[in-house]
Amino acid sequence: MYGVTITELIEKLGLRNMTMELDTDAIVLVHPDVNRPALQLTGFFDHFDKDRVQIIGYVEQAYLDKLTPERRHEVYDALISSQIPCLLFSRGMKPAEDVLELCNHYGVPCMVSEKTTSDLMAEVIRWLNVKLAPMISIHGVLVDVFGEGVLIMGESGIGKSEAALELIKRGHRLVSDDVVEIRRVSDETIIGSAPDITRHFIELRGIGIIDVKTLFGVESVKDTQAIDMVIKLEEWDREKEYDRLGMEDQYTEFLGNKVVCHSIPIRPGRNLAIIVESAAVNYRQKKMGYNAARELYNRVQANLARKD
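What comes next is a walk through the structure. All of these numbers come straight from a predicted model, not from anything done at the bench.

Turning next to the pattern of salt bridges. If the charged atoms of two oppositely charged side chains come close together, the side chains can form a pair. Counted by the stated rule, this structure contains 16 salt bridges. A salt bridge links Arg-126 to Glu-123, with the shortest nitrogen-to-oxygen separation between them at 3.2 Å. Linking Arg-126 with Glu-123, this pair stays in helix 5 (residues 117-131), spanning three residues, or about one helical turn. With a relative accessible area of 43%, Arg-126 lands in the partly exposed category. A salt bridge links Lys-287 to Glu-148; the shortest N-O distance between them is 3.2 Å. With Lys-287 in helix 8 (residues 272-287) and Glu-148 in strand 10 (residues 148-154), this residue pair connects regions lying 139 residues apart in the sequence. Take Glu-148: its relative accessible area is 5%, and that puts it in the buried class. Each of the salt bridges in this network shares a partner with another, and the network as a whole consists of Asp-144, Arg-173 and Lys-222.

Here it is as structure tokens:
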């Protein structure tokens, strides 16, 4: 199970930390959802998921304001003492001093956001879903080609990094070289990124490590990219039958999600960058409803029909 520290949450969302004395690096979030404690404020804690971020919005605060100070203190004490990871107030509402005292006593960080409750919940859930998504690391190169995420895979030394470098020189963007971290953020989408230690670097055999961001500028790199297509590079095999029409798409699977996959045989003289560009554009055409292979098939069928 992956985790996100409260410190990361504060930095990402620009939250105001009201309990500076607490070590927010030591508290880890492992659940991507949030909770607005409605029934819990009335004392009902059955089926309460205490591992979620607890958000106090306008409605919750309006309810609490109607309680007597003694009852309000009891409600907050019951909530904060239940080992929640943090307490987050929306709309810039500042928690009362007794609430901060309870948070410090039980070791629960308390933060404030200027966002509306709905926007805050959506932002927290979206970010946590990405950070806590199931993740694997694979060997390959991920590039953004005409807005399509292309994952180039193949044996070590087959030319993946050289193809990526040529694509960068042609105006496309590098996401990751050598190691790609893949996260499944939904049933339809997987996101690729680079490990922090190798981000923006490419290894070229015979030359060494180059910094793409420094050499080609910030427009040549990208931190994350949805993976739309996989291209597998392999040595040319005369005995193997290769798809020459592309009538039916082939797929590969990552974390349960299927991705369109093309196997490209490598021979001296083939321009990999142009092949990858053409594959990306052809994939975009298919998404827009045009399939060149089927168009050719229909023309052949129509021509045969006329001859009959």
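Across a sheet, strands are paired by hydrogen bonds formed along the backbone, either parallel or antiparallel in direction. Taken in spatial order, the four strands of this open sheet run 8-12-13-16, and their pairing is antiparallel. Both edges of this open sheet fall to strand 8 (135-139) and strand 16 (224-226), since each of them pairs with a single strand only. With strand direction ignored, the average angle separating the axes of adjacent strands in the sheet is 30°. Judged from the three bridges that link them, strand 13 (residues 190-193) and strand 16 form a sheet pairing that is antiparallel. Looking at strand 16, one finds that Ser-193 is bridged to Thr-224.

Calculation rules
Residues numbered from 1 in each chain as written. Predicted model: local features only at pLDDT ≥ 70, side-chain atom pairs only at ≥ 80, totals over all residues. Heavy atoms only, no water. Salt bridge = Lys/Arg side-chain N within 4 Å of Asp/Glu carboxyl O. Helix = DSSP H or I, 4+ residues; strand = E, 2+ residues; numbered from the N terminus. Buried < 20%, exposed > 50% of the residue type's maximum accessible area, 1.4 Å probe, protein only. Pairing = 2+ DSSP bridges. Axes fitted to C-alpha atoms, helices over the stretch in contact; angles between N-to-C directions.

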